[in-house]
Amino acid sequence: MCNSLKVDQKGRLKIPMTLLTTLKGSGAEFYITSEDGYSVRIYSMPVWHQVEAVLERLCSHNRNNQKLLVRAKYFGQAVTMDKQGRLLIPNVLRSTAQMKGAVDVLDYVNYLEVWNHARLMKNLKSSPITAQDENTLNGLSSAPRFPWTMHLNEEEGHLHGKERRFVVHRRVHGDSRNQRSHAIRGARTDLTRRARVA
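All values derive from a computational prediction rather than experimental measurement. (Residues numbered from 1 in each chain as written. Predicted model: local features only at pLDDT ≥ 70, side-chain atom pairs only at ≥ 80, totals over all residues. Heavy atoms only, no water.)

Caption draft 1: Spatial organisation of the nonpolar core. Ranked by internal contacts, the top residues of the largest apolar core, which has 23 residues, are Leu 13, Ile 15, Ile 32, Val 40, Ile 42, Leu 87 and Val 114. Broken down by secondary-structure element, the contributors of at least two residues to this core are strand E1 (2-7), helix H1 (17-20), strand E3 (29-33), strand E4 (40-44), strand E7 (101-107) and strand E8 (111-116). Filtering out sequence-adjacent residues up to four positions away, Leu 13 remains in contact with Leu 5, Lys 6, Val 7, Ile 42, Gly 85, Arg 86, Leu 87, Ile 89, Val 103, Val 105 and Val 114. Grouped together as the second largest cluster of nonpolar side chains are 10 residues, Tyr 31, Trp 48, Leu 55 and Ala 72 included. (Core = buried A, V, L, I, M, F, W, Y, C linked by side-chain atoms within 4.5 Å. Buried < 20%, exposed > 50% of the residue type's maximum accessible area, 1.4 Å probe, protein only. Helix = DSSP H or I, 4+ residues; strand = E, 2+ residues; numbered from the N terminus. Contact = heavy atoms within 4.5 Å.)

Caption draft 2: Fine view of the packing of aromatic side chains. Enumeration over the complete set of coordinates arrives at 5 aromatic pairs. The interplanar angle of 20° and the centroid separation of 5.0 Å between the aromatic rings of Tyr 108 and Tyr 111 together place this pair among those described as stacked. Note on Tyr 111: relative accessible area 15%, which makes it buried. Chaining the aromatic ring pairs together yields one cluster made of Tyr 31, Tyr 43, Trp 48, Tyr 108 and Tyr 111. (Phe/Tyr/Trp six-rings, centres within 6.5 Å; stacked < 30°, edge-to-face > 60°.)

Caption draft 3: Focus on a nonpolar patch on the surface. Together, Val 54, Leu 58 and Leu 68 make up an exposed nonpolar region whose accessible area comes to about 230 Å². Looking at the secondary structure, you find Leu 58 in helix H2 (residues 45-61). The partly exposed category is assigned to Leu 58, whose relative accessible area is 37%. (Patch = residues over 30% accessible without salt bridge, like charges linked within 9 Å, V, L, I, M, F, W, Y side chains within 5 Å. Areas by Shrake-Rupley, 256 points an atom, 1.4 Å probe, with all protein chains shown as cover. Salt bridge = Lys/Arg side-chain N within 4 Å of Asp/Glu carboxyl O.)

Caption draft 4: Up close: the pattern of salt bridges. Following the criterion strictly, the structure yields 4 salt bridges and no others. Residue Asp 8 pairs with Arg 12 through a salt bridge whose shortest N-O separation is 2.8 Å. For Asp 8, a relative accessible area of 25% translates into the label partly exposed. With relative accessibility at 22%, the residue Arg 12 sits in the partly exposed group. Here Arg 86 makes a salt bridge to Asp 82, at a shortest N to O gap of 2.8 Å.

Caption draft 5: Inspection of helix H3 (residues 66-75) at higher detail. Among the residues making up H3, those that are buried are Leu 69, Ala 72 and Phe 75. Angularly, the buried residues of H3 cover 145° about the axis, an arc narrow enough to put them on a single face. Residues of H3 that are exposed and point more than 90 degrees away from the buried face comprise Lys 67 and Tyr 74. Contacts made by the buried residues of H3 are with E3, H2, strand E5 (77-80) and helix H4 (91-96). (Arc of directions from axis to C-beta.)

Caption draft 6: Structural detail: the pairing of E8. Taken across its 6 residues, E8 has 6 buried, putting it largely inside the fold. Residues of E8 alternate between two faces, with Tyr 111, Glu 113 and Trp 115 on one and Leu 112, Val 114 and Asn 116 on the opposite face, all of them buried. Of the strand pairs in this sheet, E4 and E8 are connected by 4 bridges, and their pairing is antiparallel. Directly across from Ile 42, in E8, lies its bridge partner Leu 112. By the bridge criterion, 5 bridges tie E7 to E8 in an arrangement that is antiparallel. Residue pairing across strands places Asp 104 opposite Trp 115, the latter belonging to E8. A loop of 3 residues connects E7 with E8, the two strands running antiparallel in sequence. (Pairing = 2+ DSSP bridges.)

By themselves, these are just geometric observations and shouldn't be taken as functional.
The following block contains the structure:
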């Protein structure tokens, strides 16, 4: 869900009650940060503590992950919501993420993401949906609710002694007369070559 809101001249964003439900256990304390400075992420404090703990564990296992925590700390600031339901965007993010005027708020499972409206539109135009993206979305929309069964297609079966084709069918329950058949055809795989690589 995308909500068009405004950041006022003092850098405050009023969060509608409908969006506060996204911020589980939010209370009045929030952590506002960014992963790259181009947009703003708003976490409830309990969720942020969980995210921070995971980041610190990642850093202890791999120093390359330190950059994730460094950015979260550099851009981040604990903020208390005022009585009017407004959050003050940290000064550094008001500059880097252009937090002024019209903004778009995207609600994810555990946080809100805020974009300068013009920047978000530019970002969407610069990275259009590709055929691969459409395939991914189509795959999500037809995700199986029931077990899949895999059958070797005997007509296209064994090719040149080392290739096979397979078809995956989804069992459709209930009235399927008005539903299109869902099948994924697997790409041919050179089993001999795979064995050599392995």
